[in-house]
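Analysis of the macromolecular model
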Amino acid sequence: MAAIAAYRHLLRAARIAFQGDQPILNAARAQIRTGFRENASLDPKSPEIDGHIKHAEDVATILRENVVQGRRSGDKYKLRIHEHTERGDNDTVKMAGGKTVKIGGGCCSS
């Protein structure tokens, strides 16, 4: 039952995140289906199931709250921010003591 709910949450989150961008929405749906089909043969009592379901729910949350699409309009971009988009107050950027925050570094930096 929880796997079906996670599947539905992912599909809804993809629909919200990629609304108006049919090619990307179709690709997201295909990826979601593929991921769930790959794990369809797992035993429902397996301890692995809980980890996979949590992962699916986490991905759904990120899609719904943190993915924002932009469209170019001339030399400007218009962002499609919706009611589910997380809006922070930048407190994590304004760190005490004037510390410099390094963001990024690539996937292979050490």
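Conventions adopted
Throughout this description, residue numbers start from 1 for each chain and increase along the sequence as written. The predicted origin of the model limits local features to residues at a pLDDT of at least 70 and limits the giving and counting of side-chain atom pairs to 80 or more, whereas totals for whole chains, interfaces and linings rest on all residues. Where side-chain values are given, they derive from all heavy atoms of the structure, hydrogens and water being excluded. Definition used for salt bridges: Asp or Glu carboxyl oxygen within 4 Å of a side-chain nitrogen of Lys or Arg. By the criteria applied, helices consist of DSSP H or I runs no shorter than four residues and strands consist of E runs no shorter than two, each listed in order from the N terminus. Only protein chains enter the accessibility calculation, which uses a 1.4 Å probe. A residue is then buried if its area is under 20% of the maximum for its type, exposed if over 50%, and partly exposed in between. By convention, a stacked pair of Phe, Tyr or Trp rings (six-membered ring in the case of Trp) has centres within 6.5 Å and planes under 30 degrees apart, an edge-to-face pair has planes over 60 apart, and any other such pair is tilted. Here, nonpolar core refers to any group of buried Ala, Val, Leu, Ile, Met, Phe, Trp, Tyr and Cys residues whose side-chain atoms link them within 4.5 Å. It only takes one pair of heavy atoms within 4.5 Å for two residues to be counted as in contact. Only protein atoms enter the 1 Å grid used here, on which a cavity is any set of points holding a 1.4 Å probe that cannot leave and a pocket is any open set flanked by protein within 12 Å on both sides along at least five of seven lines; residues with an atom within 4 Å of a point are listed as lining. Grid points are joined across faces, edges and corners, and a volume is the space filled by probe spheres set on the points. Here the term charged refers only to Asp, Glu, Lys and Arg, the term nonpolar to Ala, Val, Leu, Ile, Met, Phe, Trp, Tyr, Cys and Pro, and the term polar to all other amino acids, Gly among them. Put simply, a patch holds well-exposed residues, over 30% relative accessible area, that have no salt bridge, with like charges counted together within 9 Å and Val, Leu, Ile, Met, Phe, Trp or Tyr side chains within 5 Å. For accessible areas, the Shrake-Rupley method is used with a probe of radius 1.4 Å. Any residue's cover is judged against the shown protein chains and nothing else. Residue count minus one, scaled by 1.5 Å, sets the expected span of a helix. The criterion for strand pairing is that DSSP finds at least two bridges linking the strands in question.

**Focus: the pattern of salt bridges**
Enumeration according to the criterion identifies one salt bridge in this entry. Lysine 54 is the salt-bridge partner of aspartate 58, the closest N and O atoms lying 3.1 Å from each other. With a gap of four residues between them, aspartate 58 and lysine 54 both fall in helix α3 (residues 47-66), about one helical turn apart. The exposure class of aspartate 58 is partly exposed, given its relative accessible area of 37%.

**A short note on the packing of aromatic side chains**
Aromatic ring pairs are described here by two measures, namely the spacing of the ring centres and the angle between the planes. Summed over the entire model, instances satisfying the criterion amount to one aromatic pair. Summarising the aromatic geometry, the rings of tyrosine 7 and phenylalanine 36 are spaced 5.0 Å apart at their centres and angled 75 degrees between planes, so their arrangement reads as edge-to-face. Separated by 29 residues along the polypeptide, tyrosine 7 in helix α1 (residues 2-17) and phenylalanine 36 in helix α2 (residues 22-38) bring together distant segments of the chain. The partly exposed category is assigned to tyrosine 7, whose relative accessible area is 25%. Overall, the relative accessible area of 27% leaves phenylalanine 36 in the partly exposed class.

**A look at the nonpolar core**
Core analysis: the largest hydrophobic core is formed by 14 residues, its most contacted members being Leu10, Ala14, Phe18 and Leu63. For this core, the secondary-structure elements that each account for two or more residues are α1, α2 and α3. Excluding its chain neighbours within four sequence positions, the residues that come into contact with leucine 10 are Ile32, Phe36, Ala56, Val59, Ala60 and Leu63.

**Observations regarding the layout of surface pockets**
Roughly 580 Å³ of volume is contained in the largest pocket. Gly35, Phe36, Asn39, His52 and Ala56 are, among the 20 residues lining the largest pocket, the residues nearest its centre. Considering every element that reaches the lining of the largest pocket, the biggest residue donor is α3, with eight residues. Among the residues forming the lining of the largest pocket, the class breakdown is 14 nonpolar, six polar and no charged.

**Describing a nonpolar patch on the surface**
On the surface, Val68, Leu79 and Ile81 cluster together into a nonpolar patch covering about 250 Å² of accessible area. Its place among the elements puts isoleucine 81 in the segment after β2 (76-80).

**Examining α2**
The end-to-end C-alpha distance of α2, which contains 17 residues, comes to 24 Å, matching closely the 24 Å that a straight helix rising 1.5 Å per residue would cover. Where α2 is buried, its residues contact α1.

**Considerations on the pairing of β2**
Burial analysis of β2 places just zero of its five residues in the buried class, a small minority of the element. Of the strand pairs in this sheet, strand β1 (residues 69-73) and β2 are connected by five bridges, and their pairing is antiparallel. Paired with glutamine 69 across the two strands is arginine 80, which belongs to β2. The antiparallel pairing of β1 with β2 creates a hairpin that spans two residues between the two strands, and glycine 74 there sits at a positive phi of about 70 degrees.

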